[in-house]
Amino acid sequence: MGKRKTISYARYGYIFSIPFVITFLIFSLYPIFYTLVVGFTDLQGIAKTDFHFLKNPFQNFQFVLTSDTFKTSLANTAGMWICNFIPQLGMALLLTAWYTDRRMRIRGKGAFKVIVYLPNIITAATIAILFKSLFGYPMGPVNDFLNRIGKDSVYFLNNKMSTRAIVVFIQFWMWYGYTMVTLISAVIGIDPGIFEAAELDGANRWQQFWRITIPCIRPIMLFVLVTSMIGGLNMFDIPMLLNAGGPDSATMTVSLWIYNLAFTGKHQYNRAAAASMLVFTIILILSLILFYILRDKDEAKALKARKREAKERKMQEKLYGKAGF
Amino acid sequence: MKKIIATALTLGMVVGSLAACTSTPTPTEATKDTEATTESKETTEASQLTDAEEDNILNVMSFTVEVPDMIKAYFKAHPEVSEKYEIKDTVVATDGGGYQTALDAALAAGGADAPDIYCAEDAFVAKYSKGDAAQFAAPYAALGIDVDKEVADAKIANYTVELGTRPDDGALVALAYQATGCAMIYRRDIAKDVFGTDDPAAIAAECGPGMDKFFAAADKCKAKGYAMISSVGDLWNMCKANTEVKAGWVVDDTLNIDPQREAFLDYAKTIIDKGYSNDTGTWSEAWYADMAGSGDKQVFCFLGPAWLINYVMAGNSGSWKETGETDADGNPVKELDTSIGTYGKWAVCDSPLGFFWGGSYVLANKDTDKATLVGDIIRYITLDTSENGLQYAWANGLLSDDGTKDTVASAVVMDKSDGKVDFLAGQNMFDVFGPAGDFATGKLATPYDEDINRLFNDQVTAYSHGEKDRDAAIADFKTNVAEQVGINVG
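Just so you know, these numbers come straight off a predicted model, no measurement behind them. Numbering of residues starts from 1 in every chain and runs along the sequence as written. The naming scheme follows written order: chains are lettered A onward, ligands numbered 1 onward. Owing to the predicted nature of the model, reporting of local features is limited to residues with pLDDT of at least 70; listing and counting of side-chain atom pairs is limited to 80 or more, with chain, interface and lining totals taken over all residues.

1. Observations regarding the overall build of chain A
Turning to step 1, where the next piece is worked out: Each helix is a run of DSSP H or I of at least 4 residues and each strand a run of E of at least 2, with the numbering of both proceeding from the N terminus. Looking only at helices and strands, one finds 14 helices and 0 strands in chain A.
Turning to step 2, where the next piece is worked out: Listing the helices and strands of chain A from first to last along the sequence gives α-α-α-α-α-α-α-α-α-α-α-α-α-α.
Turning to step 3, where the next piece is worked out: Radius of gyration here uses only the C-alpha atoms, and the compact-globule reference equals 2.2 Å multiplied by the residue count raised to the power 0.38. Relative to the 2.2 N^0.38 estimate, which gives 20 Å for 325 residues, the radius of gyration of chain A is 27 Å and therefore markedly larger than a compact globule would have.
Turning to step 4, where the next piece is worked out: Along the three orthogonal principal directions, the C-alpha set of chain A runs to about 90 × 65 × 50 Å.
Turning to step 5, where the next piece is worked out: Each of the 325 residues in chain A was classed as buried or not, and the buried ones make up 30%.
Turning to step 6, where the next piece is worked out: Our contact criterion uses C-beta atoms placed from the backbone: two residues qualify when those atoms are within 7 Å. If you take every contact in chain A between residues at least 6 apart in sequence, the share linking residues at least 24 apart comes to 67%. Think of it as a crowd count around each C-beta: if 20 or more other C-beta atoms lie within 10 Å the residue is buried, if 12 or fewer it is exposed, and in between it is partly exposed, with C-beta placed from the backbone throughout.

Next up, the structure:
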């Protein structure tokens, strides 16, 4: 009886996690391993499941790395992500600063936040189709407006830069609200006492923002950066539905290329798998670099110092411990 | 306690991973089965599929409601069938490759929910009748259809038979109910203005045969301020599969650019440079506007089959006025007013080069558990020439409320049908569209056509709009075909 006095709640945790673990194993881990295997085989064609390992196991990887489309699509993806992320983070920071400022009392703050977040609720497919018809050529709302002010119709979706710009804008417009909400929650989490103390010490709002807010939300900014990067490098739906990666592969992203490899033409699952793994590796490396760059330097220093201290103490113990005996 | 949970969890994981592993061999077995059946089919030509009905649900997969509606009409006409079976139709639009992705997954997964009957459009039917996915199709002969005799008796358009024949065993696995031989659909008022006549024979002689005459006519239209065609894309269908094209995109697993298809680059460039078109895109708002004559310039002609007239142009002719009332579904009721728009101002004549465009093909799943029923329905849709058959109703507009007529695959049905339509000011369109099917060939089709066509047209657009030179366009096209479709480019 006495043994039963303490109740371990841990087991409920295990029980509740069973469904996740099982679905994860079947629907995530197994496909990952399957992809890993397929990348080294000759698996091509609809509904084929029998495959053979290649004599040169890295043939598919060589194909991907030497293909022009991979380079183009990687450059497109990275370019479009960076061009959307910088203004997105800037805009989100600006709005965060406004909405969390304790002296600037903005009316209808809640309503604004909802409005800014709204584009994120609409499905990407809907937005892509919407923009496709907005920029229709030679007739469409934007071109009608141009005609009305006496300009000729412009074939926006046949121009590489303007199509990329539209994709970048959509990404920015869809996601700055999300980033803002994340950053606001981070700012709210900062101890208000710090701000009060700063105010008492005479710090102005600019100083407060750069010296307190930004350093305090750095972990969350890292989170935003990494998740946005993963999402950005996997960009698929908007370029696909806006112009199927066109014009002339200008908005062809890596995911779109992988999709084309695996689900059109010869259904080259093996090459698609190899390309997927390469993209995974790229994302992994970039994430690690970001974590390294944005690590808390003070804490890292403190950790190092602690380690050094411990080492020195050990050394001293070794040296003097015996002598002291 | 902890140990028990840990053991249970580990067991769960092991079972989970095992379940995941076992899912792999099952399809392999299925493929083996297919191999076995194809082998047996080769030995005993067309072994009959047996009815091993597991349920009473007939699964149908399509990209429009057209074929499901036909099957519903069949059920209505056959009470003994509708008592016993239910139709479960899955309709996925072709936009963004959605339909094929869904269909491929459903066919590969198999089981009770796999489609018994499925449809494919002309643009991608070769993938399901000739490519890897042809393994899922049941030969018509295995559904109790006497293929050679029934096809000959119905005088089915030859190119549809060519498209629907599986090269591995020569079995017919797909047929269309439409014949989509194309014609030149032109505006009578513009024809009178430019050529002084609207007589189909005279206009056909002005604009063809051949591309030189077509461009000469375009020049005359331009001189009077008209555009010959709406979009460069209108011309693509004609250049893609006309009688002059010798071979399709893929020959011996290597890309083949037929001179006729390559010439389309130059045609497109000429059209854009000289302003023979309104530079729209097919299926865009601007394209529809040109049908109503409300585009940039008035457009002289469209090149297309009968369905383009009835299903696309008639509705977009700008002659429909809202009455202000709404129907039961809340959609505005429209009535025809020929004082506006272009309805009734059109005529058809032979196109400069014979070609075909579009058509829906009907296929049966080799694993269907209702072979007899599926065979009967397919016969009703594709081979029945009687007045109770689908094609007679389709040709004479008996299925739809607005009496839309269309050309059908069976010449026997065409002969007893009447193709007079008000949209063409009472011209009998079957006189032109019927013979047009003879020019069509299904021999050029390859399973990868849809993707290669898309990649080629990307380059055509870039080249014709001056984004790059001709050599670069062809080089980029080859790179894209090699690196996206997976075809050798030699």
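Okay, back to it.
2. Quick look at the overall build of chain B
Turning to step 1, where the next piece is worked out: Scanning chain B from N- to C-terminus turns up 21 helices and 14 strands.
Turning to step 2, where the next piece is worked out: Along the longest, intermediate and shortest principal axes, the C-alpha atoms of chain B span 90 × 55 × 55 Å.
Turning to step 3, where the next piece is worked out: In chain B, buried positions account for 48% of the 490 residues.
Turning to step 4, where the next piece is worked out: Of all intrachain contacts in chain B linking residues separated by at least 6 positions in sequence, the fraction that spans at least 24 positions is 73%.

3. Observations regarding unusual backbone geometry
Turning to step 1, where the next piece is worked out: Geometrically, the link from tyrosine 137 of chain A to proline 138 of chain A is a cis peptide bond, its omega value of -5° lying close to zero.
Turning to step 2, where the next piece is worked out: Of note, proline 138 of chain A is situated in the loop between α5 (124–134) and α6 (141–148).
Turning to step 3, where the next piece is worked out: Across the junction of glycine 246 of chain A and proline 247 of chain A, the peptide omega takes the value 0°, indicating a cis bond.
Turning to step 4, where the next piece is worked out: Tracing the backbone shows proline 247 of chain A in the loop between α11 (237–243) and α12 (254–263).
Turning to step 5, where the next piece is worked out: Phi at aspartate 253 of chain B takes a positive value of approximately 65°, unusual for a residue other than glycine.
Turning to step 6, where the next piece is worked out: Since 11 C-beta atoms lie within 10 Å of it, aspartate 253 of chain B is described here as exposed.
Turning to step 7, where the next piece is worked out: Residues other than glycine seldom take positive phi values, yet aspartate 279 of chain B does so here, at roughly 55°.
Turning to step 8, where the next piece is worked out: Along the chain, the position of aspartate 279 of chain B falls in strand β9 (residues 277–280).

4. Focus: the sheet that holds strand β13 (residues 346–350) of chain B
Residue and element names in this part refer to chain B.
Turning to step 1, where the next piece is worked out: One requirement defines pairing of two strands: DSSP has to find at least two bridges between them. Taking strand neighbours across the sheet as the criterion, the 3 strands line up as β10-β5-β13 in an open arrangement whose pairing is antiparallel. A strand with exactly one partner marks an edge of an open sheet, and here the two such strands are β10 (301–304) and β13. Neighbour-to-neighbour, the strand axes of the sheet open up by a mean angle of 25°, direction not taken into account.
Turning to step 2, where the next piece is worked out: Pairing between strand β5 (residues 183–187) and β10: 4 bridges, direction antiparallel. In the strand pairing of β10, alanine 183 is matched with glycine 304. Lines fitted to C-alpha atoms define the axes here, with helix axes fitted over just the stretch in contact, and angles between the N-to-C directions of these axes take values from 0 to 180 degrees.

5. Looking at the sheet that holds strand β4 (residues 174–176) of chain B
Residues and elements named next belong to chain B.
Turning to step 1, where the next piece is worked out: Pairing within the open sheet is mixed, and its 5 strands lie in the order β2-β1-β3-β14-β4. The sheet is open, and its two borders are formed by β2 (86–91) and β4, each paired with just one other strand. Direction aside, neighbouring strands of the sheet carry axes that sit 25° apart on average.
Turning to step 2, where the next piece is worked out: Where strand β3 (residues 117–121) meets strand β14 (residues 360–364), 5 bridges bridge the pair, whose relative direction is antiparallel. Residue pairing for β14: alanine 120 is matched across the bridge by tyrosine 361.
Turning to step 3, where the next piece is worked out: Of the strands in this sheet, β1 (57–62), β3, β4 and β14 are in contact with helix α16 (residues 371–382), which crosses β14 at around 160°.

6. What to know about the interface of chain B and chain A
Turning to step 1, where the next piece is worked out: Each partner contributes to the interface: chain B provides 44 residues, whereas chain A provides 38 residues.
Turning to step 2, where the next piece is worked out: Counting only elements with at least two residues in the side of chain B that touches chain A, the list comes to α1 (2–22), α2 (25–43), α5 (98–109), β9, α14 (285–291), α20 (449–464) and α21 (470–485) of chain B.
Turning to step 3, where the next piece is worked out: Considering each element in turn, the side of chain B that touches chain A owes the most residues, 9 residues, to α1 of chain B.
Turning to step 4, where the next piece is worked out: Following the grouping adopted for this structure description, the nonpolar residues are Ala, Val, Leu, Ile, Met, Phe, Trp, Tyr, Cys and Pro, the charged ones are Asp, Glu, Lys and Arg, and the polar ones are all others, Gly among them. A breakdown of the residues in the side of chain B that touches chain A according to their chemical character gives 15 nonpolar, 19 polar and 10 charged.

7. Digging into the packing of helix α10 (residues 218–233) of chain A against helix α13 (residues 269–293) of chain A
Residues and elements named next belong to chain A.
Turning to step 1, where the next piece is worked out: It is the contact of α10 with α13, at a shortest axis distance of 10 Å, that shows an interaxial angle of 165°. By the angle class used here, α10 and α13 are roughly antiparallel. Crossing of α10 over α13 shows right-handed handedness. When α10 is examined against α13, the residues Leu222, Leu225, Val226, Met229, Ile230 and Leu233 are found in contact with a partner set consisting of Val279, Ile283, Leu286, Ser287, Leu290 and Phe291. Angular relationships are summarised with four words: roughly parallel below 35 degrees, roughly antiparallel beyond 145, roughly perpendicular across 65 to 115, and oblique for the angles in between. Handedness of each helix crossing follows the sense of rotation of the near helix against the far helix: counterclockwise by less than a right angle gives left-handed, clockwise gives right-handed.

8. Focus: the confidence of the model for chain B
Turning to step 1, where the next piece is worked out: For chain B, mean pLDDT is 86; residues scoring 70 or higher make up 90% of the total.
Turning to step 2, where the next piece is worked out: Reported for the predicted complex are a pTM of 0.84 and an ipTM of 0.82. The predictor's confidence in any single residue is recorded as pLDDT, a number from 0 to 100.

9. Regarding the domain arrangement of chain B
Residue and element names in this part refer to chain B.
Turning to step 1, where the next piece is worked out: Structurally, chain B comprises domain 1 (57–180 + 358–416) and domain 2 (183–240 + 258–355 + 423–448).
Turning to step 2, where the next piece is worked out: The distance between the C-alpha centroids of domain 1 and domain 2 comes to 28 Å.
Turning to step 3, where the next piece is worked out: In this complex, domain 1 contributes 18 residues to the contact, which on the side of domain 2 involves 16 residues.
Turning to step 4, where the next piece is worked out: For the side of domain 1 that touches domain 2, the leading source of residues is helix α8 (residues 158–164), giving 4 residues.
Turning to step 5, where the next piece is worked out: A per-class count over the side of domain 1 that touches domain 2 returns 6 nonpolar, 7 polar and 5 charged. Domain boundaries shown here were taken from an automatic or database domain assignment.

10. Remarks on helix α4 (residues 109–121) of chain A
Turning to step 1, where the next piece is worked out: End to end, α4 of chain A covers 19 Å across 13 residues, agreeing with the expected 18 Å (1.5 Å per residue, within 8%).
Turning to step 2, where the next piece is worked out: Note on bend: at a given residue it equals the angle between the axes fitted to the 7 residues ending there and to the 7 starting there. Taken as a whole, α4 of chain A carries its principal kink of about 25° at isoleucine 115 of chain A; the proline proline 119 of chain A stands between one and four residues after it. Multiply 1.5 Å by the residue count of a helix minus one, and that product is the helix's expected span.

11. Some points on the pairing of β14 of chain B
All names here are of chain B.
Turning to step 1, where the next piece is worked out: Burial within β14 is extensive, with 5 of its 5 residues counted as buried.
Turning to step 2, where the next piece is worked out: A two-sided burial pattern is seen for β14, the buried positions comprising Ser360, Val362 and Ala364 on one face and Tyr361 and Leu363 on the other.
Turning to step 3, where the next piece is worked out: Inspection of the sheet shows β4 paired to β14 by 3 bridges, in the antiparallel sense. The residue of β14 that forms the bridge with alanine 176 is tyrosine 361.

12. Focus: the environment of tryptophan 307 of chain B
All names here are of chain B.
Turning to step 1, where the next piece is worked out: Tracing the sequence through the fold places tryptophan 307 in helix α15 (residues 306–313).
Turning to step 2, where the next piece is worked out: The class of tryptophan 307 is buried, set by 20 C-beta atoms lying within 10 Å.
Turning to step 3, where the next piece is worked out: Along the chain, tryptophan 307 and threonine 404 lie 97 residues apart, while their C-alpha atoms are 9.0 Å from each other.
Turning to step 4, where the next piece is worked out: Tryptophan 307 has contacts with Gln178, Thr180, Gly358 and Asp406, leaving out every residue within four places of it along the chain.

13. Examining the nonpolar core
Turning to step 1, where the next piece is worked out: The biggest cluster of nonpolar side chains holds 201 residues, and the ones touching the most others in it are Leu143, Ala174, Ile185, Tyr186, Val362 and Leu363 of chain B.
Turning to step 2, where the next piece is worked out: In terms of residue count, the dominant contributor to this core is helix α7 (residues 160–188) of chain A (13 residues).
Turning to step 3, where the next piece is worked out: Per-domain counts for this core show at least three residues from each of domain 1 (57–180 + 358–416) and domain 2 (183–240 + 258–355 + 423–448) of chain B.
Turning to step 4, where the next piece is worked out: Apart from residues no more than four positions distant in its own chain, leucine 363 of chain B is found in contact with Tyr118, Ala120, Tyr128, Ala137, Val173 and Ala174 of chain B. A set of buried Ala, Val, Leu, Ile, Met, Phe, Trp, Tyr and Cys residues, joined to one another through C-beta atoms within 7 Å, is what we call a nonpolar core.

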